[in-house]
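Residues per chain, in single letters:
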Amino acid sequence: MLVSLNAGAETESYVEDGKVLQSTGNSTIPLRPNEEAEFKHEHAVVDPEMVASMVDMSIRNNTERRKLGFFSCGTGNPLDDCWRCDPNWQRHRKRLADCAIGFGRNAIGGRDGRFYIVTDPGDDDPVNPQPGTLRHAVIQDRPLWIVFKRDMVITLKQELIMNSFKTIDGRGVNVHIANGACITIQFITNVIIHGLHIHDCKQTGNAMVRSSPSHYGWRTMADGDGISIFGSSHIWIDHNSLSNCADGLIDAIMGSTAITISNNYFTHHNEVMLLGHSDGYVRDKNMQVTIAYNHFGEGLIQRMPRCRHGYFHVVNNDYTHWKMYAIGGSAEPTINSQGNRYLAPANPFAKEVTKRVLTNEGVWQHWNWRSDGDLMLNGAYFTSSGLGASAGYARASSLAAKSSSLVGSLTSGAGVLSCRRGHQC
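Residues numbered from 1 in each chain as written. Predicted model: local features only at pLDDT ≥ 70, side-chain atom pairs only at ≥ 80, totals over all residues. Heavy atoms only, no water.

> Honestly, the overall build of the chain in this entry has me stumped. Any pointers?
Along the chain, the regular secondary structure elements total seven helices and 33 strands. Residue burial in the chain is summarised as follows: out of 425 residues, 57% are buried. Relative to all contacts within the chain whose residues are 6 or more apart in sequence, the contacts with residues 24 or more apart total 65%. Total accessible area on the chain stands at roughly 18000 Å², and carbon and sulfur atoms take up 51% of it. (Helix = DSSP H or I, 4+ residues; strand = E, 2+ residues; numbered from the N terminus. Buried < 20%, exposed > 50% of the residue type's maximum accessible area, 1.4 Å probe, protein only. Contact = heavy atoms within 4.5 Å. Areas by Shrake-Rupley, 256 points an atom, 1.4 Å probe, with all protein chains shown as cover.)

> Explain the environment of Lys402 to me, please; I cannot follow it from the model alone.
Mapped onto the fold, Lys402 is located in the loop between helix H6 (390–395) and helix H7 (407–410). Expressed as a C-alpha distance, the spacing of Lys402 and Asn340, which sit 62 residues apart in the sequence, is 9.0 Å.

> Can you help me understand the sheet that holds strand S7 (residues 166–169) in this one?
Two pairing modes exist for strands in a sheet, parallel and antiparallel, and in both the strands are linked by backbone hydrogen bonds. Taken together, 10 strands build an open sheet; the order of strands is S3-S4-S7-S10-S15-S18-S22-S26-S29-S32 and the sheet is parallel. Only two strands of the sheet have a single neighbouring strand rather than two, namely strand S3 (114–118) and strand S32 (369–372). Between one strand axis and the next, the sheet turns through 10° on average, direction left out of account. Relative to S7, strand S4 (residues 144–148) is paired through three bridges, and the arrangement is parallel. (Pairing = 2+ DSSP bridges. Axes fitted to C-alpha atoms, helices over the stretch in contact; angles between N-to-C directions.)

> Just to check I follow, could you spell out a nonpolar patch on the surface for this structure?
A surface patch of nonpolar side chains, amounting to about 330 Å² of accessible area, comprises Met208, Tyr216 and Trp218. Within the fold, Met208 resides in strand S12 (residues 207–212). (Patch = residues over 30% accessible without salt bridge, like charges linked within 9 Å, V, L, I, M, F, W, Y side chains within 5 Å. Salt bridge = Lys/Arg side-chain N within 4 Å of Asp/Glu carboxyl O.)

> Whenever I open this one, the packing of aromatic side chains confuses me. Can you help?
Ring pairs (aromatic) are described by centroid distance and by the angle formed between their planes. Under the counting rule described, the total for this entry stands at six aromatic pairs. Taking the centre distance of 5.3 Å and the plane angle of 90° together, the rings of Phe187 and Phe230 count as edge-to-face. With Phe187 in the loop between strand S9 (183–186) and strand S10 (189–194) and Phe230 in strand S14 (residues 227–230), the pair connects residues that are 43 residues apart, well separated along the chain. Between Trp367 and Trp369, the ring centres sit 5.9 Å apart and the planes meet at 40°, which makes this aromatic pair tilted. (Phe/Tyr/Trp six-rings, centres within 6.5 Å; stacked < 30°, edge-to-face > 60°.)

> What exactly am I supposed to notice about the environment of Arg303 here?
Within the fold, Arg303 resides in the loop between strand S24 (300–302) and strand S25 (306–308). In this structure, the C-alpha to C-alpha distance between Arg303 and Glu271, residues 32 residues apart in sequence, is 5.2 Å. Once residues lying within four places of it in the same chain are set aside, the contact partners of Arg303 are Glu271, Val272, Met273, Leu274, Tyr325 and Ala326.

> So what exactly am I meant to see when it comes to the nonpolar core here?
Buried together is how nonpolar side chains tend to be arranged in soluble globular proteins. Counting 65 residues, the largest nonpolar core has Leu134, Phe148, Ile183, Ile185, Ile227 and Phe266 as its most contacted members. Each residue touching Leu134, except ones within four places of it in the same chain, is listed here: Val118, Asp120, Ile146, Phe148, Ile154, Leu160, Ile168 and Ile177. Core analysis: the second largest hydrophobic core is formed by 24 residues, Cys82, Ile101, Tyr293 and Leu399 among them. (Core = buried A, V, L, I, M, F, W, Y, C linked by side-chain atoms within 4.5 Å.)

> How should the sheet that holds strand S31 (residues 354–356) be read in this particular structure?
The eight strands are arranged S6-S9-S14-S17-S21-S25-S28-S31 in an open sheet whose pairing can be described as parallel. Edge strands, defined here as strands with exactly one partner in the open sheet, are strand S6 (160–161) and S31.

> Explain the environment of Leu156 here, please?
As for its position among the elements, Leu156 is in the loop between strand S5 (152–154) and S6. Measuring from C-alpha to C-alpha, the distance between Leu156 and Pro126 comes to 8.5 Å, with 30 residues separating the pair along the chain. Excluding its chain neighbours within four sequence positions, the residues that come into contact with Leu156 are Asp123, Arg135, Ile177, Gly180, Ala181 and Cys182.

> I keep staring at the pairing of strand S13 (residues 215–219) and nothing clicks. Help me out?
A regular strand places its side chains on the two faces of the sheet in alternate fashion. Pairing geometry for S12 and S13, over five bridges, is antiparallel. Paired with Ser212 across the bridge in S13 is His215. Hairpin connection of S12 to S13: two residues between the antiparallel strands.

> Where do I start with the state of the cysteines in this structure?
In a disulfide, the sulfur atoms of two cysteines are covalently bonded to one another. Counted by the stated rule, this structure contains three disulfides. At a sulfur-sulfur separation of 2.0 Å, the disulfide partner of Cys82 is Cys99. Between Cys82 and Cys99 the sulfur-sulfur dihedral comes to about -75°; the bridge is accordingly left-handed. A residue pair is termed long-range when its members are at least 10 positions apart, and Cys82 in the loop between helix H3 (78–81) and S3 and Cys99 in the loop between H3 and S3 qualify at 17 residues. With relative accessibility at 3%, the residue Cys82 sits in the buried group. By relative accessible area, which is 0% here, Cys99 ends up buried. With its sulfur 2.1 Å from that of its partner, Cys419 forms a disulfide with Cys425. The disulfide joining Cys419 to Cys425 has a torsion of about 130° about its S-S bond and is therefore right-handed. For Cys425, a relative accessible area of 13% translates into the label buried. (Disulfide = S-S within 2.5 Å.)

> For this particular structure, what's the right way to read the side chain of Ser256?
Looking at where Ser256 falls in the secondary structure, it is placed in the loop between strand S17 (250–253) and strand S18 (257–262). Using a relative accessible area of 0% as the deciding quantity, one classes Ser256 as buried. Ignoring anything within four residues of it in the chain, the contact list for Ser256 reads Ile229, Phe230, Gly231, Ser232, Asp284 and Met287.

Set out below in structure tokens:
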């Protein structure tokens, strides 16, 4: 088996078992935030941020590019309606990259590169990974759309340190990353992770690990997160099943932003999701994360998510289990909870959805936390705060929330999907 890494333009190709296969790509890479021009004008409105956010919202909610009229099978989940109803999804894998919404909507992953087929589940040498392994794929310095030849369990010896412009696409096979190190997204951009079982991640480190074809270096101990996002942007984590890791299931810290976490199924874990490094790390004030259409299921305790500093849109998720609380935070995050379903546990002392961590009421009463259209079941309640500043909530709004009565159907496909060639997923 030969893997081709030569750059492609509009036609990508890869070699499998001696046969050259092709796929057609299109469109361009979006501007990065620091490439966008800033304009000033004498007729500027009083609150330009609000006007800009309103225009941006209308663009985000425009579904024309997804051609829902042709592909929609009526689930109401805009991410899934974009691609799942196509029985030829396997021939159109890269269409997924045009389906993201929320703050991570510009994550294109490896859309503009070639396919890479992972044929070997091994991870014998983190410094010199073998061609055909997942580690060899993710470190390449060109865009790649990574798929898998067959079902496999990948036990990583050290962190899987990814490079920019990569998609890991587990559709059509059953891929577990388990019982070892897991995924690190550090100081990179444009990553899509879709369709993986990620569980039983361990602490690893104090070892040499390669991060690109030209660089490897010493890694200290890793926490054992399922997916660790560190100083990175334009990230989309979709339709994965995560459970039982040494630290968080998904953590985003150290200035990470432009992230969408959607359609995932979280179970059997304590500290599920940390968004924001520390109360003193002020660079996280620019963090924007969308958490949409996820199922927070059995065996969860807290941090769904736990937020610091930034702007967080928690929309149309299904919370069926928690033991301590669902949504927590410190350091004045803005939390916009819309259209979720919160089912409180039987414990009469754990009915509250929210928790302000190590902060007295005289401080947190000014934080902007709101519940808008949420469905509260079995005594669940959300403690709102703040004056509801419109500009703040505009920065914590990333898509149009649907009615909480629809959450069951919106999240019915959360987690890894069962996709078969020639059939809708």
